[in-house]
Amino acid sequence: MMYRKDIDGLRSIAVLPVLFFHAGFSLFSGGYVGVDIFFVISGFLITNILMRELEENNFSVLNFYQRRARRILPALFSVLFFSSLAAALIIPPELFREYGQSLVSVVLFVSNIFFYLDGGYFGFAAEKLPLLHTWSLAVEEQFYIFVPPLLYLLYRLGRSFLGVVIITLSLLSLSLSQYQLLEQQQGAAFFLIMSRAWELFAGSLIAIYRLDRKQIPAGAAQILSMTGLVLIGAGIFCYQPDTPFPGLAATVPVLGSVLIISFCRPTTWVYRFLSLKPMVWVGLISYSLYLIHQPVFALSRFLFVAEPTALVFSGLILLSMSFAYANYRYIERPFRRPGYYQNRTIFSAGIFGCAVLISSGLAIHLKHGFPERYGSVPLASSIQSSPLRAKCHAKDGSVSAADACQLSGPYAENWAMLSDSHGVELAFELGKLLDVNQIGLVQYSGSFCPPALLHKLVAAGCSQWQQDAVDRILSDNSLSTVVLAFRSSAFIAGRHIKHYPTVPDEDRSVEFEIAALDVTKEQSYQLFWENYQHLITTLRSAGKRVVVLDPLPELPIDIRQLIYPKDLLSKNHHLDLFHTTTMEFYFQRHQFILAQLDTLKYDEKLIRVSPLPVFCNDSFCSAVKHGNALYFDDDHPSLFGARLLAEHLLTELQRAVAN
């Protein structure tokens, strides 16, 4: 295959939006589709090479994996080595332990599975995971475990038959991806090979059917390649982080990539654009740049309380490019030359590198992130979440309403916790307190699933899960009291962590399916409140006593980071643990929902509880109290904090009933 400058240019269009998206540049709200472009390019190039070898009767699986090792391992290992050194200086113990786990998964090329199980690409803490981006590398390598043997076995049956099989597998993979989205399994759809394979197969089909070699009229090439560029641009600039993805939405950037690779000819405008020297240069270093940028971004975020500014990120992008060029020039390119190092040397070095990195990751894990780096930090032992969180909290459809956990009881009288993730620890501690009085507690909690009985949410499965939960609550006559605990402001205005010290004001109207009717941001606030108010009214109409918990105060950064110095060199802490955020920020952050809750009429059947007496004083909210952590991350209460909150809730309820 002749070298195509335009494909290197296409690589630059793939990698740069990913960088800009990870940097938080809002213009590139769908920059994550750059990975999909990489998948198509990779599927095309690798299949093209394999098909040529099959045609020339010199196909060798061993040679294929030797080339992959030369291409992937040296650059990857160098980035992992330096990232681990920097992480040891910056990342606090518990998070460093998770880094060690991820390091092992990267070397074994199963990091997509690790991060799927650990939380996800769009999670609130994802931006501080240095190796999160390697999930796509794992998907590619898993794909290339079975593709060479598959091509070898099917090639002899003819290109047409091979193409039909690949098309069939592609459609099955795409269907699975869309099905998983509909079943609220976005993590599986996003990370796992079976729901991503179709994107690499899309590139394979170009090679199988030789679309890049077809003779087509110049005008057609012009239109098709330009259409491809427009489709890619639509994904980059129009998609949002909460766009259901991949599924059918991924067909837009994938088709765009297919059109460019297949029909971009030297006479087209798209070819001239992609062949510009800056585009080709970025494309050449794109692999190293992709590897390096996330560790640079993530580790830098640990040094700041607030999200780094656009100016800081611009500097980090330039720094990443400098590191990437050095990695490309002195490591990646020399090792890729067939005669530069003997295959035996590559194999031995690869085994040694894997052993060192896996051993390092295991040591970090087994030593719990080496907390001795910081000396004695007694607060660390109180940072605990519910031991039943994984079992009882619904996330990506993991727990149905029918399988809700009975945390205490059942007794003659029972309560229910209906909440998002902010009610999980409270339910655990409240259940223990109620159990003493022979009152049961059932936990219905759905991750980032706010009240949504009136207007269906875009998030797959959320509205149905909540409807099922409410139906079960209404039909259970033993349930006398329902506690509502939602992170309302995060849903209507965005998570705080990327905006602090300013108050988030994101447009969250896209969360509702009704947003297709041009609902404004302000109207989406009212939609949220209509759903919340309807939930309260529905429960009260069924004779349930309703306890509404005001929003919890939030920390500027994760408590697991906050209790340790910024890094081992400075020994300076980010913030005062006892004066972590101001009451002014709390009231500005939650202004809308607090004002709406003020409009309700409270009595012994509708009781409102504020968490401020537990977490705050007159001016400040704290991260710790009585020598214990009040949180286990940046916004969820720890078991200690939840215990204090549960005790406070019962006291307030008794006071309201007495009055």
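Structure first, text after, so check above.
Residues numbered from 1 in each chain as written. Predicted model: local features only at pLDDT ≥ 70, side-chain atom pairs only at ≥ 80, totals over all residues. Heavy atoms only, no water.

Undergrad: Can you walk me through the sheet that holds strand E2 (residues 413–419) in this structure?
TA: In any sheet, the strands associate via hydrogen bonds between backbone groups, in a parallel or an antiparallel arrangement. Reading across from one edge, E1-E3-E2-E4-E5-E7 is the order of the six strands in this open sheet, with mixed pairing throughout. Each of the sheet's edge strands pairs with one partner strand only, and the pair in question is strand E1 (405–408) and strand E7 (606–609). Neighbour-to-neighbour, the strand axes of the sheet open up by a mean angle of 25°, direction not taken into account. Of the pairings in the sheet, the one linking strand E5 (residues 545–549) to E7 comprises four bridges and is parallel in character. (Pairing = 2+ DSSP bridges. Helix = DSSP H or I, 4+ residues; strand = E, 2+ residues; numbered from the N terminus. Axes fitted to C-alpha atoms, helices over the stretch in contact; angles between N-to-C directions.)

Undergrad: Which parts of the structure should I look at to understand the pairing of strand E3 (residues 439–445)?
TA: The side chains of a regular strand alternate, residue by residue, between the two faces of the sheet. In terms of burial, E3 is a largely internal element, seven of the seven residues being buried. The alternating pattern of E3 places Ile439, Leu441, Gln443 and Ser445 and Gly440, Val442 and Tyr444 on opposite faces, both of which are buried. Bridge count for E1 against E3 is three bridges, and the pairing is antiparallel. Residue Cys405 lies in a different strand from E3, and its bridge partner there is Gln443. In this sheet, E3 lies alongside E2 in parallel orientation, the contact comprising seven bridges. Pairing of Asn414 across the sheet is with Gly440, part of E3. (Buried < 20%, exposed > 50% of the residue type's maximum accessible area, 1.4 Å probe, protein only.)

Undergrad: So what exactly am I meant to see when it comes to helix H2 (residues 34–55) here?
TA: At 3.6 residues per turn, the α-helix brings residues three or four places apart onto the same side. The terminal C-alpha atoms of H2 lie 32 Å apart, and with 22 residues this matches the ideal 32 Å at 1.5 Å per residue to within 8%. Positive phi shows up at Asn57, right after H2, with a value of about 60°. (Expected span 1.5 Å × (residues − 1).)

Undergrad: Just to check I follow, could you spell out the state of the cysteines for this structure?
TA: Tallied over the full model, the rule gives three disulfides. Linked covalently through their sulfurs, Cys449 and Cys462 form a disulfide whose S-S length is 1.9 Å. Looking along the S-S bond of the Cys449-Cys462 disulfide, the torsion reads about 105°, which is the right-handed sense. Here the residue Cys449 occupies a position in the loop between E3 and helix H19 (462–475), and Cys462 occupies one in helix H19, the gap between them amounting to 13 residues. You'll find Cys449 and Cys462 in the same group, each marked buried. Here Cys616 pairs with Cys621 through a disulfide, and the sulfurs are 2.0 Å apart. Disulfide Cys616 to Cys621: torsion about the S-S bond roughly 90°, handedness right-handed. For the protein, the bonded cysteines connect in the pattern 1-2, 3-4, 5-6 when numbered consecutively along the sequence. (Disulfide = S-S within 2.5 Å.)

Undergrad: Even after reading the chapter, I still don't get the packing of aromatic side chains, so can you show me in this structure?
TA: Geometry of an aromatic ring pair is reported as the spacing of the ring centres plus the angle between the planes. For the structure shown, the criterion picks out 33 aromatic pairs. Between Phe143 and Phe146 the ring centres are 5.5 Å apart and the planes differ by 70°, which places this aromatic pair in the edge-to-face class. Pair noted here: Phe143 and Phe146 are both in helix H6 (residues 135–155), with a separation of three residues, about one helical turn. Residue Phe143 is classed as buried on the basis of its relative accessible area of 0%. Judged by its relative accessible area of 33%, Phe146 is partly exposed. Taking 6.0 Å as the distance between ring centres and 70° as the angle between the ring planes, the aromatic pair formed by Tyr239 and Phe245 counts as edge-to-face. Both residues of the pair, Tyr239 and Phe245, belong to the buried class. Through a chain of ring-to-ring contacts, the aromatic side chains of Phe64, Tyr65, Phe143, Tyr144, Phe146 and Phe201 assemble into a single cluster. Cation over ring: Arg156 sits above Tyr152, and NZ or CZ is 4.5 Å from the ring centre. (Phe/Tyr/Trp six-rings, centres within 6.5 Å; stacked < 30°, edge-to-face > 60°. Lys NZ or Arg CZ within 6 Å of the ring centre and 35° of its normal.)

Undergrad: How should the pattern of salt bridges be read in this particular structure?
TA: Close approach of charged atoms allows side chains of opposite charge to pair. According to the stated counting rule, one finds 26 salt bridges in the structure shown. The residue Asp36 makes a salt bridge to Arg196 at a minimum N-O spacing of 2.7 Å. With Asp36 in helix H2 and Arg196 in the loop between helix H8 (186–191) and helix H9 (197–208), this residue pair connects regions lying 160 residues apart in the sequence. For the pair Asp36 and Arg196, one class covers both residues: buried. Where Arg487 meets Asp635, a salt bridge forms, and the shortest distance between an N and an O atom there is 3.4 Å. Within this pair, whereas Arg487 is found in the loop between strand E4 (479–485) and helix H20 (488–493), its partner Asp635 is found in the loop between strand E10 (628–629) and helix H26 (639–658), the two being separated by 148 residues in sequence. Asp635 shares its class with Arg487; the two are buried. (Salt bridge = Lys/Arg side-chain N within 4 Å of Asp/Glu carboxyl O.)

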